[in-house]
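Summary of structural features
As a plain string of letters, each chain reads:
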Amino acid sequence: MFYYVFIKLKKAEYMFHLTGEYSHQMDTKNRIRIPNKLKGDERGLYFSKGTHNCLFVYYEESFKELLTKLEENIKMSDEERQKALRVFTKSFSWVEGDAQGRMILPQKLKEYAKIDRDIIICGAGSRIEIWAKEVHDEYFKDADENFDVLFKSLGI
């Protein structure tokens, strides 16, 4: 039993080290590639709506951990949080990669994220975020100027 938990922790530990920022383009068939430095060995990934019009992308292990955590922390009788859970979880799509590692971005998520062609793909700890370049640039326009303030808010 201890051995299983150790293996699971090692895999989850890997999943929580997704970092970096990468510029890419979506092709005319709505296909994207996840950068090699963010790639795992799974056949596909879970894509969902994210905050501020980005997309969240999860590997299977992180996806399962996220859903377990949400279900453990939201009471069935909490109508507001149940609605939020439903809205979030219904936005998920399993996207399988092709032989060349390309993934077709679901149309509803492409529209939500306002993605036309140029995208920014970021590692964000346990998930990947995909942003339309214009939305990304607007959201992070003052991040460098405010780095110290933002860093302090992390509490580390």
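As a reminder, the structure under discussion sits directly above these lines.
Predicted, not measured: the structure shown is a model, and the values here were computed from it.

Conventions adopted
Residues numbered from 1 in each chain as written. Predicted model: local features only at pLDDT ≥ 70, side-chain atom pairs only at ≥ 80, totals over all residues. Heavy atoms only, no water. Helix = DSSP H or I, 4+ residues; strand = E, 2+ residues; numbered from the N terminus. Buried < 20%, exposed > 50% of the residue type's maximum accessible area, 1.4 Å probe, protein only. Polar contact = N/O pair within 3.5 Å; in protein donor to acceptor, adjacent residues only side chain to side chain. Contact = heavy atoms within 4.5 Å. Core = buried A, V, L, I, M, F, W, Y, C linked by side-chain atoms within 4.5 Å.

**A closer look at the side chain of Ser-91**
Summarising the element assignment, Ser-91 is placed in the loop between α3 (79–90) and β5 (93–96). With a relative accessible area of 5%, Ser-91 lands in the buried category. Within the local environment of Ser-91, its side chain forms a polar contact with the backbone nitrogen of Lys-49, the two atoms lying 3.1 Å apart. When residues no more than four places from it in sequence are discounted, the contact partners of Ser-91 are Phe-47, Ser-48, Lys-49, Lys-108 and Leu-109.

**Here's the deal with unusual backbone geometry**
Of note in the backbone geometry, His-52 takes a positive phi value of approximately 55° without being a glycine. As for its position among the elements, His-52 is in the loop between β3 (44–49) and β4 (55–58). Overall, His-52 belongs to the partly exposed group, its relative accessible area being 47%. Notably, Asn-53 is not glycine yet its phi reads approximately 65°, a positive angle. Examined against the element boundaries, Asn-53 turns out to sit in the loop between β3 and β4. In this structure Asn-53 comes out as partly exposed when scored by relative accessible area, which is 23%.

**Looking at the nonpolar core**
The biggest cluster of nonpolar side chains holds 33 residues, and the ones touching the most others in it are Ile-32, Ile-34, Phe-47, Tyr-58, Ile-115, Ile-128 and Ile-130. Broken down by secondary-structure element, the contributors of at least two residues to this core are β3, β4, α2 (60–73), β7 (118–124) and β8 (127–132).

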